[in-house]
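# What the coordinates show
The lines below spell out each chain.
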Amino acid sequence: MTAISPTTSQAAVRDASIAVAEGRARARLRRRHALVIGLRLLILVVSLGLWELGADYNIIDPFFFASPSGIWQQIWVWITEGTSQGPLWVQIYVTLEETFLGFVIGAVGGIAAGIILGRNRLLADVFSIYIKIANSVPRVVLGSVFIIALGLGMASKVALAVVMVFFVVFANAFQGVREADRAMIANAQILGASPFQITRTVIIPSAMSWILASLHVSFGFALVGAVVGEFLGAKQGMGLLISTAQGAFNANGVFAAMIILAVMALVVEFIITRFENYVVKWRPAPFNEQGT
Amino acid sequence: MQLQSMAAEKLSQAALPADAAIAIDDVTLRFVTPDGHMMTAIRDFTMTVARGEFACVVGPTGCGKSTTLNLVTGLLRPTTGDVRVMGNPVTDISRDIGFVFQADALFPWRSVIDNVAAGPLYRGTPKAQAYERARDWIARVGLGRFEKHYPHQLSGGMRKRVALAQTFINQPKILLMDEPFSALDMQTRTAMQDELLGLWSEQKSSVVFVTHDLEEAVALADKVYVLTAGPGTVKSVYRIDLPRPRVMADIRYDPKFVEIAKVIWNDLREEVQLGQSRTLQTGH
């Protein structure tokens, strides 16, 4: 039996060819990244351009379907001259405040309820039927009830946002608690953890990725709750701005408000993602579809 | 007796010694399945492990090997019979017990050092002291450079080392292991078996090691329990008189080892065949 190993000169040739191959692979990745970004920009420019041209030549009636330049003018007017109901910043601030209050109250309540029911079989079996019923009610309808009960002020919008957020977060927290690994719980138990320590150091961290996933979705729901609440009756806010624009047949106004809301949602989404990465930094890096 | 000369002495289980670390006395465990059927997991099961003894449990799949461990932890209660740990009846999870799981039971959101320090922290050791001991144990299993790593950044073998440190830091008098190395590749498994024997000889704990790998059992144990196909009961017990310290990489080429493994395999084979034919019939 003889051992076979490559000679040094063979190894040197091999190292050089590896370096070349690596360089090529890196260049290929960079080109692909640039291609993806370029195509994204192209799609944006082409679709906005076609919309604008269609509006100019009256193929798309700008009275009903607005136009990119009209929407931008509307946003500019709101920024520089303010809206019919006061400065734009105040409208954004009011809606954001309602959304945040609703989001925080709904999320905290949902997480707490999810953990309590997830850890207690009897409570879960008793309440599951009522939660199913409550969850199947179209919750936006509750907005009318809240406006009757709580008035046109902030409370009714916050209440609607809470209801929108609570069930999503609750369902995820509950599922996350239930999915906690049995071996991991047994391990903690044998290492000497009390039931409270198990909840704090095993159950909550393992439910955390479920909960965070639901926070992404539910912030959007909180925004919907706040805007719909304002739509149904309010003195200020982005929802009222939309409803006013609708009443004046101002399609540009509706689109402009929509874009502002989308930007708000994207900014908060970005903040939540940063928060998530901070909280679950123990997780392996997820497969990144954007290649960034 | 022919068997004695081969260093694999078949033992009879007459009297239970009073000072045994673990004494499972004529235990039967039944439970009701979710669809309302009564299942017998183990029946008339008797087993003793002396202090400092290394016992292995082998048997066909689904014969209740893991059940025996859960009886000792107190996570399962016997339907009839008696389980004693260090002379006391099992009522709650004892502080004397350590458990190494088959699956990865590390906390993925905690770094290596936080994982190892978990036991002392749960038990109320001051933080500084818990981390000092954790650092010491991480060094002992050879992971000194990986204190701040998270489990997903480690290989399977390294994660098992963390699991061993996490268990041994509580200095358990009783060490229960449920097929701990079955998911590892051959070389890593051999290294971990050596690591385990080293730690065990320092700590003098009493070990119950469940495995489906007969060679692993013979290589590690002082005493091997062969279980019947489910519902499990003890078929026979063998004393393994191979000299210690044992080196895992070499022992499997030792003629004495081969001979012992053959004898026990003859005993185990029928049960494995029975278990397999039953699995084929019932589909689970």
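Scoring rules and cut-offs
Residues numbered from 1 in each chain as written. Chains lettered and ligands numbered in written order. Predicted model: local features only at pLDDT ≥ 70, side-chain atom pairs only at ≥ 80, totals over all residues. UniProt positions renumbered as here; feature names shortened; annotations may be inferred. Helix = DSSP H or I, 4+ residues; strand = E, 2+ residues; numbered from the N terminus. Buried ≥ 20, exposed ≤ 12 C-beta atoms within 10 Å, placed from the backbone. Contact = placed C-beta atoms within 7 Å. Pairing = 2+ DSSP bridges. Axes fitted to C-alpha atoms, helices over the stretch in contact; angles between N-to-C directions. Nonpolar A, V, L, I, M, F, W, Y, C, P; charged D, E, K, R; others polar. Expected span 1.5 Å × (residues − 1). Arc of directions from axis to C-beta. Core = buried A, V, L, I, M, F, W, Y, C linked by C-beta atoms within 7 Å. Domains from an automatic or database assignment.

As named in an unreviewed UniProt entry, chain B is Mannosyltransferase, taken from Mesorhizobium kowhaii.

You'll find chain A entered in an unreviewed UniProt entry as ABC transporter permease, with Mesorhizobium kowhaii given as the organism. Taken directly from UniProt, the Sequence similarities (unreviewed entry) text for chain A runs: "Belongs to the binding-protein-dependent transport system permease family." Per its UniProt entry, chain A bears the Subcellular location (unreviewed entry) comment "Cell membrane".

### A look at the overall build of chain A
What chain A contains, in helices and strands, is 11 helices and zero strands. Secondary structure elements of chain A, listed N to C terminal, follow the sequence α-α-α-α-α-α-α-α-α-α-α. Principal-axis analysis of the C-alpha atoms gives chain A an extent of 90 × 60 × 30 Å. The buried share of chain A, taken over its 292 residues, is 31%. For chain A, the share of sequence-separated contacts (at least 6 apart) that also reach a separation of at least 24 residues comes to 74%.

### Some words on unusual backbone geometry
For residues other than glycine, phi is negative in most cases, and the peptide bonds are mostly trans. For the bond running from R244(B) to P245(B), omega is -5°, close enough to zero to count as cis. As for its position among the elements, P245(B) is in the loop between β11 (234-240) and α8 (248-251). Despite not being glycine, A66(A) has its phi angle at roughly 60°, a positive value. A tally of 22 C-beta atoms within 10 Å means that A66(A) is categorised as buried. The phi angle at D26(B) is positive, at roughly 50°, despite the residue not being glycine. By secondary structure assignment, the location of D26(B) is in strand β2 (residues 22-32).

### Section: the UniProt feature "transmembrane region" (unreviewed entry) in chain A
Residues and elements named next belong to chain A. The UniProt entry lists residues 34-51, 99-117, 129-152, 158-177, 210-234 and 254-273 under the feature "transmembrane region" (unreviewed entry), expressed in the numbering used here. Secondary structure over residues 99-117 splits into 100% helix and 0% strand, and the C-alpha atoms at its two ends are 26 Å apart. The span residues 210-234 is 92% helix and 0% strand, and its two end C-alpha atoms sit 34 Å from each other.

### Looking at the sheet that holds strand β3 (residues 38-49) of chain B
Residues and elements named next belong to chain B. Here four strands make up an open sheet; going across it, the order is β3-β2-β5-β6 and the pairing antiparallel. The sheet is open, and its two edges are formed by β3 and β6 (88-89), each paired on a single side. Summarising the sheet, strand β5 (residues 80-85) and β6 pair through two bridges and their orientation is antiparallel. Paired with V85 across the two strands is N88, which belongs to β6. Contacts from helix α2 (residues 65-73) reach β2, β3 and β5, with the element oriented near 110° to β2.

### Comments concerning the UniProt feature "domain: ABC transmembrane type-1" (unreviewed entry) in chain A
Here the UniProt feature "domain: ABC transmembrane type-1" (unreviewed entry) sits at residues 92-272 of chain A. From the first C-alpha to the last, residues 92-272 of chain A spans 19 Å; its make-up is 87% helix and 0% strand.

### Brief notes about the interface of chain A and chain B
Residue-level contacts link 14 residues of chain A with 19 residues of chain B. Only α8 (182-191) and α9 (195-232) of chain A provide two or more residues apiece to the side of chain A that touches chain B. Among the elements that line the side of chain A that touches chain B, the one with the most residues is α8(A), at seven residues. Looking at the side of chain A that touches chain B, its residues break down into 10 nonpolar, four polar and no charged.

### Let's talk about helix α3 (residues 68-81) of chain A
All names here are of chain A. When the terminal C-alpha atoms of α3 are compared, their 20 Å separation across 14 residues agrees well with the 20 Å that a helix rising 1.5 Å per residue should span. Regarding α3, the residues found buried are G70, I71, Q74 and W78. Taken end-on, α3 shows its buried residues confined to a sector of 100°, consistent with a single buried face. Within α3, the exposed residues directed more than 90 degrees away from the buried face are W76 and T80. In this structure, the buried side of α3 is in contact with α2 (62-65), α4 (88-119) and α11 (251-279). Immediately beyond the C-terminal end of α3, within one or two residues, lies G82, with a positive phi of roughly 85°.

### Structural notes on the nonpolar core
Membership of the largest hydrophobic core comes to 141 residues, with the highest contact counts inside it found for V165(A), V208(B), V218(B) and V224(B). The greatest single-element share of this core, amounting to 17 residues, is contributed by helix α7 (residues 154-178) of chain A. If we skip the residues at most four places from it in the chain, V224(B) touches C56(B), V58(B), A217(B), V218(B), Y238(B), I240(B) and I264(B).

### Examining the pairing of strand β9 (residues 206-210) of chain B
Residue and element names in this part refer to chain B. Judged by how many residues are buried, β9 sits mostly within the fold: five of five residues are covered. In β9, alternate side chains face the same way, and those of S206, V208 and V210 on one face and V207 and F209 on the other are all buried. As paired elements, strand β4 (residues 54-58) and β9 share four bridges and run parallel to each other. Bridge pairing in β9 places C56 opposite F209.

### Topic: the domain arrangement of chain A
Residue and element names in this part refer to chain A. When the domains of chain A are assigned, the result is domain 1 (8-60) and domain 2 (65-279). Using C-alpha coordinates to define each centre, domain 1 is positioned 36 Å away from domain 2. Each partner contributes residues to the interface: domain 1 has five residues there, and domain 2 has four residues. Residues belonging to the side of domain 1 that touches domain 2 are distributed by class as follows: four nonpolar, no polar and one charged.

### Let's talk about the domain arrangement of chain B
Residues and elements named next belong to chain B. Assigned domains of chain B: these are domain 1 (7-86 + 178-257 + 264-284) and domain 2 (104-172). Computed over C-alpha atoms, the centres of domain 1 and domain 2 are 27 Å apart. Counting from both sides, the interface comprises 12 residues of domain 1 and, opposite them, nine residues of domain 2.

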